[in-house]
Amino acid sequence: MAQCLQSVQEFIQDSFVPMVAVLCSEDAEQVTRKNNLNFSELVRPFCRLTSEGHMRDPNNQIQVIKNLKIHVSNIVTQPPHPAAIRKMLSEVVSVSQPAEGLVANVITAGDYDLNISDRSVKASVPWYNSWKETLTQLNTSKSFTATTPWFETYRETFFQSMPASDHEFLNHYLACMLVVSSNEPQPVEQFLKLSQEQHRIQHSSDYTYPKWFTPNTLKYYVLLHDISEVEEQRADTVYEEMKQRYGTQGCYLLKINSRTSAISTDEQIPDPWSQYLQKSNLQNQELYEDGTSVVIGSTNTENNVSEPEVDGIDPSVKADGVPNNFKTHPLQLDHPSDPGGLDALDTLRNAVQITDGKKPSTVTTHGACLTLNDHDRIRQFIQEFTFRGLLPHIEKSIRQLNDQLVSRKGLSRSLFSATKKWFSGGKVPEKSIAELKNTAGLLYPPEAPELQIRKLADLCFLVQHYDLAYNCYHTAKKDFLNDQAMLYAAGALEMAAVSAFLQPGAPRPYPAHYMDTAIQTYRDVCKNMVLAERCALLSAEILKSQVKCSEAATLLIRMTSEDSDLRSALLLEQAAHCFINMRSPMVRKFAFHMILAGHRFSKAGQKRHALRCYCQAMQVYKGKGWSLAEDHINFTIGRQSFTLKQLDNAVSAFRHILINDSKQTASQQGAFLREYLYVYKNVSQLSPDDPLPQLPLPCIQSSATRVFFGHDRRLAEGQKQAATHVSLDQEFDSELSQQWKELEEQVVAVVNRGAIPVNFQPTQYCLNSQTDNFRFPLAVVEEPIIVEVVFRNPLKVPLLLTDLSLLWKFQSKDFGQLQNREEPKSNEKDAHGKATFNNEFISTDVILEFSMGSEETKVARLKLLPHQTGELHILGVVYNLETVPSVNVVDGTDPSSGLQGDGNLVSNGMSVRGRQDLEIQGPRLNNTKEEKTSVKHGPDRRLDPIITPPMPLLEVFFINFPTGLLCGEIRKAHVEFVNVSKVPLAGLKVASKHPEFFTFGSNTAALTPQSPTASENCSAYKTIVTDSTSACTALTSLVSPVDFGMGSGNSSLGVIDIPLPDSVLLPGASIQLPLWLRGPDKEGVHEINFLFYYESANKVSKLSHRVLRHTAVICTSRSLSVRATVCRSNTFQDEEDGRNGNMLVFVDVENINTNEGGVQEFHIVQVSSSSKQWRFQKCINPSEDKDAKLTSRERGKLCFKATTCKYQEATSGALGKYTFADIILGNEQIISATTPCADFFFRSCQSSETKKTLSNGYTSFVPARWPTDDVGKIVRKCSEVDLNIIVLWKAYVVEDNKQLILEGQLHVALQTIGKEACSLSQKQEAQEMVLLKLIRPEQPPVPARPSVEQLSHLIKTSLHYPESYDHPFLHKSLCVVPVTLMLSNCSQAGVDVIIDLRHKAISPETLEVHGSFTWLGQTQFKLQLKAQEIHKLQLKACFIHAGVYNLGTPRVFAKLTDQGSMCETSQQNSMPALIIINNI
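Residues numbered from 1 in each chain as written. Predicted model: local features only at pLDDT ≥ 70, side-chain atom pairs only at ≥ 80, totals over all residues. Heavy atoms only, no water.

### As for the packing of aromatic side chains
Note on aromatic pairs: each is described by the distance of the centres and the angle between the planes.
Here is step 1: This structure, assessed with the given rule, holds 48 aromatic pairs.
Here is step 2: Taken together, a centroid distance of 6.2 Å and an interplanar angle of 15 degrees make the contact between Tyr 154 and Phe 158 stacked. Here the residue Tyr 154 and the residue Phe 158 both occupy positions in helix 6 (residues 149-160), the gap between them amounting to four residues, near one helical turn. Across the pair, exposure class does not vary: Tyr 154 and Phe 158 are buried alike.
Here is step 3: Ring centres 5.2 Å apart and planes at 45 degrees place the aromatic pair Tyr 252 and Phe 381 in the tilted group. With Tyr 252 in strand 9 (residues 251-256) and Phe 381 in helix 11 (residues 372-409), the pair connects residues that are 129 residues apart, well separated along the chain.
Here is step 4: Residue classification places Tyr 252 among the buried positions, given a relative accessible area of 15%.
Here is step 5: The class for Phe 381 is buried, based on a relative accessible area of 0%.
Here is step 6: Three or more aromatic residues link up through ring pairs in this structure, and these residues are Phe 11, Phe 16, Tyr 154, Phe 158, Phe 159, Phe 461, Tyr 466 and Tyr 473.
Here is step 7: In this structure, Lys 720 packs its charged tip against the face of Phe 957, placed 5.6 Å from the ring centre.
Here is step 8: Cation over ring: Arg 941 sits above Phe 774, and NZ or CZ is 5.5 Å from the ring centre. (Phe/Tyr/Trp six-rings, centres within 6.5 Å; stacked < 30°, edge-to-face > 60°. Helix = DSSP H or I, 4+ residues; strand = E, 2+ residues; numbered from the N terminus. Buried < 20%, exposed > 50% of the residue type's maximum accessible area, 1.4 Å probe, protein only. Lys NZ or Arg CZ within 6 Å of the ring centre and 35° of its normal.)

See below:
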C-alpha cells in the first residue's frame, strides 16, 4: 500500500473514537451561525486532546490515554441511505486529486523509473549495491513512498459514514451535549426541554436511530455565551445556577464571539474548519434523502456549500455500486459502460464544457467573530468535557459492566484478574465457515451477557485499554461462535485481532487468521460488504506496517468485486503499491494492477484517477516491446484526456499509438487513426490561428531526404542522345562521385594555371546522406529545387495526403551589396490554406493527392522555384492527412472506430491539416580528442541552399553516338551544345579519364576534315587516292603535337578545350561539332565519363563555374592483335653522312576476332610510323599482293625498313615535331598526320612521350660530354628505339543483309631493339602512366649498373668482302683475300674498342659446315671511337683450300672511355659472313 500520513496506530485510534451527540436550542444555533457554523462544526477542529488522560481499570490500575479524539455530531434520527453513502464516497475521491506542479516521485525498480507522486525515491533493488539499506529506508521512512491522499480521504469518510449497528457499540453515542444560549429568557427550562427530548429519542420506540451506548447516557450541559451581545453578568448568574443543579462536572460556560464581523479583518485569524467542512457538507447533503431525515435540535441551518465539481464527471453516470453485468474482458479497449465512438466523445466534451461553468465563484469565511482567545476557550471546553465528564463516565460504566458480568457468571470479583483462568483451559476448536449455519440474523436481547461482554470490550477499546479489550473480545467471540451468531462473531474476531495488534509491547502476534475469518464471514455469510471492506482496510494497513506486502496485496485483491467499482479501483491501486514496495519490487504486477485500477476508476466515473493510473502504468510498459499493451494504455489515456479537456495530452497519446510499429489489426488501426483525427480536429478548431502542429503520420525518414538542384532536361529525339548528367533516379555511388570530383578538380586546376582555389567547392547536384553536406549548397535563381522526401506508412490501413507542399523560410540578399538585411519571409502562415503558393520570392508546387498503401514506403518529390537571390531554409512539409473512406465493416469492430451501424464513416473521410519538420542530423564528428570522447554531430546543410545570381545552363546532345565498337575502331559522331539559359556561356572544356577515347579535332583547321564525308567512301579519315608508283614507298609529313592539343604548357592530360565560335555560346544558341571516337584496345564494357566545364561570360562571385556530366557505355569486341620487333641492319651502304641508322621492323598481325559483330575479314590498308628520329622507308615484303587480308584466326607478317630522319627534316624549326611516314598497302593514302589518326596516336602515347621528353629533351642530334653519373642512361640509349607504328585497317561487316565497312587503327610503341611490343598492352601501359600522374610521385630509384646485354650494343660491326673469290690453288697454295671491318659507335660518348682476330670456331658442327681459315697480319687491335664515329679496319684472310668459309669470327670488346674500372664487354656478333673460295 501507499504510505499514509498517519501511522497504523493513529489510523485505528481515529477510526474508533467515542461518539458524542449534540442538542442545541434555537438561540444557541443563532449564536454559532454568526460564524457560518453550527455547534458540532464549531468544536470539531478542537476534538483532539493535546494532553494525556487518566482513568482506573477494574483492578484499580491507572490507565494512561494518549492522543484521544472524540467525535461530536448532531443527532440524526434516520440512518444514511447506502446509495447516498456511495455517492458521497465518490465525491470525496473526486475532490482529492494529486497536487499539480510538485516534483514527480521517481521510484527506480530494476530497469524501471516510475514517477509516482511528489517525492524523489530510489529503490533500485536488488540491482543496487546497497539494496538492503535502500529497502530499510523504503519501508521505514515516510519520505520514501508515494502517498495517495484520495485513498486516505475515502477511508476516513468511509469510517465516519458507517451507520451504527446492533452487533457492536463502537459507533453508539456515549454522551450528549445540551447547548443553550445565555440570551434565552429561561435557560434552565430550555435545558430541561432538551434533556427530555434526548430521553425521548433514546428510550421511545418511535426512534430506532441513533444508537446509544448505555441506558444512562451522560448529559453535559453547555451554556453558550455571546460576548458581543449578552452581558457577562447574566451568563455568570445562569452558570452558577447550573452548577448548583447539575454539579460542577456536569456543566460548562462557553464564551465565544469576542468580536463582531463588522470589525476590520486586518488580523489574520486561522481557519481550522475548512478541512472538516467539505467532508461535512458532502455528508449532510448526500447521506440522507430529502424529507426522510430529521436533524434534531437543528433547523437545517448548516452552511450550504455547493457541491464540489470535478471535471469529466458525467451527470448521467450511475451511482457507484449498481451491478454491471458486462460480458467483455475487463481490459477491452471500450466497454459498454464507457461512451464509445465519436458521438460519445462529443457528448463527453459538451458535458465537460457545461460542468466548467458550475464552479462556485464565492468563498465562505468561517469563524469571523472568533478570536484566538475564543479558539482557546473552545479547546479548553472540550478538554474539560472529556476529563471531567466523559472519561469518568466511561470509567464508571466499565466498573459496572465488569461487576455485572462477574456476578452473573459466578466468577471471581474482577474479570480482569480472572481472564487467565478463562483462557487457560482447553481451547475450543473453531469451526470453519462452511460448517456454520447461516445465523447472521440471530439477535441478542440488550441485557444478554454476550452483549455486555462486547459492550465492555468496546468501552475498553475506545479508551485504549487494549489488554482488557482483547480478553473480552476473545470471550465474546467464543460465546458467539457457540451460538452460531456469525455477525456478532465476525465483529468480535475483527476487534480481537485489532486489539491484539495494538497491545503495548506486542505480547502476542497479530492473528491475521482472525481477520480472514471475519472478512469471509461478513462477505459470504452475512452478505455485508461494508463491514467486510472495513475489516479489509484495517487488516491491510496492519499487514503493511509489518512489511507483509504480499499478504496485504492478496487481501486487497480478494476484496474487489462487481458491486462497487470505486472500492475495487482504490483497493487495486493500493495492491499495486504493495507490489512496488516489496523487498524485491514486482514492477510488472504493479503496472498490471494499476491498469485494472484505472479500468475500475473509469467505470466508477473517476476519469482523472483513471487517467493517472494509466499514465503510471505506462511507464512500465513503455519501450519494453509490449506493443499491444502500450496501444491499449495510450488509447485509454487519449480517451480520458479528451474527456477531461486535456486535448494536448489526448493528441500526444493517440500520436504514440500511430507512430509505433503497431501489431494491431487493420480495423483497429483504422479506429485509432479516426479517433486521433477527431481529437486533433477539435484541438485545431479551438486555436485556428496557432501554428500548425506536428502530425505523426506518415513517418518521414529524414536522413534519406535528397535535394536535387537542376532543371527538367529535354529527352532524346531521334538519333539524338541527351547527356546523362545527374538525376534523382540514379543511385549514389561514392567511388563514382569521387571520380567526378577528381575530374572537376583537374579541370579547375587547368583553368587556374595549375592551382585549385582555396574556396573551391565541388559541384553537387544531388545531396543525400552520403554526400558532403558541411557547406551550404549553391542553387541558381529561376532554376527549380526538388526535395525528395521518403514517407513510410506504418499502419495496415491506407493513407491519403492532399495539398502536400514544402514549408520554407527565405532571407532575401543581394550578394553584390555589403549591407543587405531584410526581414525573412516564410510561407508558414500561407500553409493554413490549400492553394498553390506563388509569390515574388519562392514558388511552391503542391501535390494535390498523394496516396499511400498499407505499410508502404513511398517517395514524394516536392519542387521550389526561387525568384530572388538569398538564403533559403527548407523547414518541412505541410499537408492534409485523410483517412480513405471505407464501407466494409469487420466483425467485432470496436465501437470507437467511428463506424455507424450501416458501415459508413461518420464523416466521409476525416481530414486534418498539419506539418512535419525535416530535421536531419549531421555526421558524427571524430577529429579532435573531445569529439572522440563525446557524441557530437556536425551540421547537415542540404536543406539550406544559397540562391545565387543567374548562370548559363548547358545541354549536350550526342548524335549517332555508337554503343558498340571494335577494339581500335574509329567512328565519327556529332555533339550538339545548347545554351538554354539567359546568360552567355564561355570557357567550354571537357575532362575525362580516358582522353584516348575521343577527339574534337586539331587546333589547326587544315589538319581537320571539314565535311562529314571526307571522301567518296564516307571514311572518318582524310584520304588521298594514290597511283601505283607510290606503292610500298613511304610518304612523309611533319607535324607538331601542339597542333593536336599536346605538349603545350597550359594543357593537362584529360582536359580538352572545345572550340566555340568566338569562344562564346549566346543564350538560346546551339552548335554542332564533330566528334571522333576510337574503341578501347581492351574488349568488354567500358564506362567513359565526360565532364563538360563551362563558365559565365559575366563573372559571378558566388558560383564560378558549372559542370555537366555524361557517362557513355561502350561495348568493344576484339579486332586485331599487332606485335612488332625491331633489329639493326648490318648494312652501311645507304648511309650518306657517316651516321648509322638503318633498322628492320617486323610487324606480326593476327585476326583475333571470332566473327563477333558480323565481322567477315580485316584488310591491312596502311602501316604508318611516327617518331621524332625514325621513319619508315619502304616495305620489303616479297609478296606482290600488297593488300593484306585476314579472316578469322589468320595471321600475317610484314617487314619494313626504317631509317633515321634526315637532317633537313631535323632543322631548328622541326625540333619536337613528329615525322609521320605512311606505307600504303591499299588504293588510297590515309593522311596519318591529320585528325583523327594523329589525335588518337598522340592521346594514346602522350604520357610516355612526355616522360621521354623530360628525360632527354631535344639533344638527340647534339653530341655532348656525358658525365659519369649518366653511364646507365648512355648505355640504355644505345639499345633504345623511339618508333611508334600505326596499323590502319578496314573490316567488312554484314549487318541487316548490308555490308558495312568499318575502319580503325592500332598503335604499337617500339622502345628497345630486340624486344617485342604488342598493341594490346599499349593501352594498359598508358592507363598505368595516367594513374601515376594523379598520385604523389615517388623518389626516383638509384640507377642500377648497366647489364651485360645493354653493354653489348655499344658497337655495331659489319664485314665488307667479295661474296665469291677465284684463286688457282695449283699454282699458288695460299689465297689471301682483303676484308674491311667497319666499326660504328652507337653511343653518345667515346668508346674504347678491342678487336681480337685470334678467335677460332672449334665446334665440330661448325667445322662440318665451314672450312677453317686464318687471319694474316696484326691479330689484335685497340681503338678509341668518338661518339657516333664509324671506323674502317683493313684485314687479310688466308685460305688454303677452296670452299665456303664464315668470316664472322672476329671478337669485338668495348667499354666507355671514361669508365676506367669497367671491363670490356663482348659485343653482339654480326650475322654469318659467308665467302665462297673457288679453285680455278
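### Considerations on the pattern of salt bridges
Here is step 1: Enumeration according to the criterion identifies 47 salt bridges in this entry.
Here is step 2: Between Lys 989 and Asp 1057 there is a salt bridge whose closest N-O contact spans 2.3 Å. Taken together, the residues span a long stretch of sequence, with Lys 989 in strand 28 (residues 985-991) and Asp 1057 in strand 32 (residues 1055-1057) at a distance of 68 residues.
Here is step 3: A salt bridge links Asp 1239 to Arg 1243; its shortest N-O distance comes to 3.9 Å. Remark: Arg 1243 and Asp 1239 occur in helix 27 (residues 1237-1256); sequence separation between them is four residues, near one turn of the helix.
Here is step 4: By relative accessible area, which is 0% here, Asp 1239 ends up buried.
Here is step 5: Residue classification places Arg 1243 among the buried residues on the basis of a relative accessible area of 6%. (Salt bridge = Lys/Arg side-chain N within 4 Å of Asp/Glu carboxyl O.)

### Things to note about the pairing of strand 23 (residues 911-917)
Here is step 1: Of all seven residues in strand 23, five are buried, a share of seventy percent or more.
Here is step 2: Pairing analysis gives seven bridges linking strand 22 (residues 870-883) to strand 23, with the strands arranged antiparallel. Of the residues in strand 23, the one forming a bridge with Gly 876 is Asp 917. (Pairing = 2+ DSSP bridges.)

### Focus on the state of the cysteines
Here is step 1: Per the counting criterion, the structure on display carries zero disulfides.
Here is step 2: Residue Cys 613 stays outside any disulfide, its sulfur separated by 9.3 Å from that of Cys 615, the closest cysteine. (Disulfide = S-S within 2.5 Å.)

### Observations regarding helix 16 (residues 512-525)
Here is step 1: In this model helix 16 runs 19 Å from its N-terminal to its C-terminal C-alpha over 14 residues, within 8% of the 20 Å that 1.5 Å per residue would give.
Here is step 2: The set of residues buried in helix 16 consists of Tyr 514, Met 515, Ala 518, Ile 519, Thr 521, Tyr 522 and Val 525.
Here is step 3: Residues of helix 16 that are buried in the fold lie against helix 14 (466-483), helix 15 (486-502), helix 17 (529-545) and helix 18 (549-558). (Expected span 1.5 Å × (residues − 1). Contact = heavy atoms within 4.5 Å.)

### Some thoughts on the nonpolar core
When a protein is soluble and globular, its nonpolar side chains tend to lie buried together.
Here is step 1: Membership of the largest hydrophobic core comes to 149 residues, with the highest contact counts inside it found for Ile 12, Phe 39, Met 177, Phe 381 and Phe 461.
Here is step 2: For this core, the leading source of residues is helix 15, giving 14 residues.
Here is step 3: Residues within four places of Phe 461 in sequence aside, it is in contact with Ile 12, Phe 16, Leu 170, Tyr 466, Ala 469, Tyr 473, Met 495, Val 498, Ser 499 and Leu 502.
Here is step 4: Core analysis: the second largest hydrophobic core is formed by 54 residues, Leu 806, Phe 850, Ile 874 and Met 910 among them. (Core = buried A, V, L, I, M, F, W, Y, C linked by side-chain atoms within 4.5 Å.)

### Concerning the sheet that holds strand 53 (residues 1420-1425)
Here is step 1: Taken in spatial order, the four strands of this open sheet run 53-51-56-57, and their pairing is antiparallel. Pairing within the sheet leaves two strands with one partner each, and these edge strands are strand 53 and strand 57 (1465-1466).
Here is step 2: As judged from the two bridges shared by strand 56 (residues 1451-1456) and strand 57, these two strands associate in the antiparallel manner. The residue of strand 57 that forms the bridge with Phe 1453 is Ser 1466.

### Comments concerning the environment of Asn 793
Here is step 1: Checked against the element boundaries, Asn 793 lands in the loop between strand 15 (785-792) and strand 16 (799-812).
Here is step 2: Those residues within four positions of Asn 793 in sequence are excluded, and the remaining contacts are Pro 698, Pro 798, Leu 799, Met 852, Gly 853, Ser 854, Glu 855 and Glu 856.

### Things to note about the sheet that holds strand 48 (residues 1355-1360)
Here is step 1: Taken in spatial order, the four strands line up as 48-50-54-52 in an open sheet, and their pairing is antiparallel. With partners counted over all chains shown, the strands left at the sheet margins are strand 48 and strand 52 (1414-1416), one partner each. Along the sheet, successive strands turn relative to each other by an average axial angle of 35 degrees, direction set aside.
Here is step 2: Bridge count between strand 48 and strand 50 (residues 1375-1385): six bridges; the pairing is antiparallel. The residue of strand 50 that forms the bridge with Leu 1359 is Leu 1381. (Axes fitted to C-alpha atoms, helices over the stretch in contact; angles between N-to-C directions.)

### What about unusual backbone geometry?
Here is step 1: With omega at 5 degrees, the peptide bond leading from Tyr 209 into Pro 210 counts as cis.
Here is step 2: Geometrically, the link from Leu 697 to Pro 698 is a cis peptide bond, its omega value of -15 degrees lying close to zero.
Here is step 3: A positive phi angle, close to 50 degrees, is found at His 725, a residue other than glycine.
Here is step 4: Take His 725: it is sitting in the loop between strand 12 (720-722) and helix 25 (734-751).
Here is step 5: On the accessibility criterion, His 725 (8% relative accessible area) is buried.
Here is step 6: With a phi angle near 50 degrees, Glu 855 is a residue other than glycine that sits in the positive phi range.
Here is step 7: Looking at the element boundaries, Glu 855 is found in the loop between strand 20 (847-852) and strand 21 (857-866).

### With respect to the confidence of the model for the chain
Here is step 1: Summing up the model confidence of the chain, the mean pLDDT is 78 and the portion of residues at 70 or higher is 77%.
Here is step 2: Confidence over residues 285-361 falls short of pLDDT 50; this stretch has 148 contacts with residues more than four positions distant or in other chains.
Here is step 3: Low pLDDT, under 50, characterises residues 1134-1138; the predicted model gives this stretch nine contacts beyond four residues in sequence or across chains. (pLDDT = per-residue confidence, 0-100.)

### Structural notes on helix 8 (residues 232-246)
Here is step 1: In this model helix 8 runs 21 Å from its N-terminal to its C-terminal C-alpha over 15 residues, within 8% of the 21 Å that 1.5 Å per residue would give.
Here is step 2: If you check which residues of helix 8 are buried, you get Ala 235, Val 238, Tyr 239 and Met 242. Down the axis of helix 8, the buried side of the element spans an arc of 105 degrees, and every buried residue falls inside it. Those residues of helix 8 that are exposed and angled more than 90 degrees off the buried face are Gln 233, Thr 237 and Gln 244.
Here is step 3: Packing partners of the buried residues in helix 8 comprise helix 7 (187-203), strand 8 (218-226) and strand 9.
Here is step 4: Phi for Gly 247, located one or two positions after helix 8, is positive at around 85 degrees. (Arc of directions from axis to C-beta.)

### Some points on a nonpolar patch on the surface
Here is step 1: There is a patch of nonpolar side chains on the surface, built from Val 1444, Leu 1474 and Ile 1476 and spanning about 210 Å² of accessible area.
Here is step 2: Assignment of secondary structure puts Leu 1474 in strand 58 (residues 1474-1479).
Here is step 3: A relative accessible area of 38% means that Leu 1474 is categorised as partly exposed. (Patch = residues over 30% accessible without salt bridge, like charges linked within 9 Å, V, L, I, M, F, W, Y side chains within 5 Å. Areas by Shrake-Rupley, 256 points an atom, 1.4 Å probe, with all protein chains shown as cover.)

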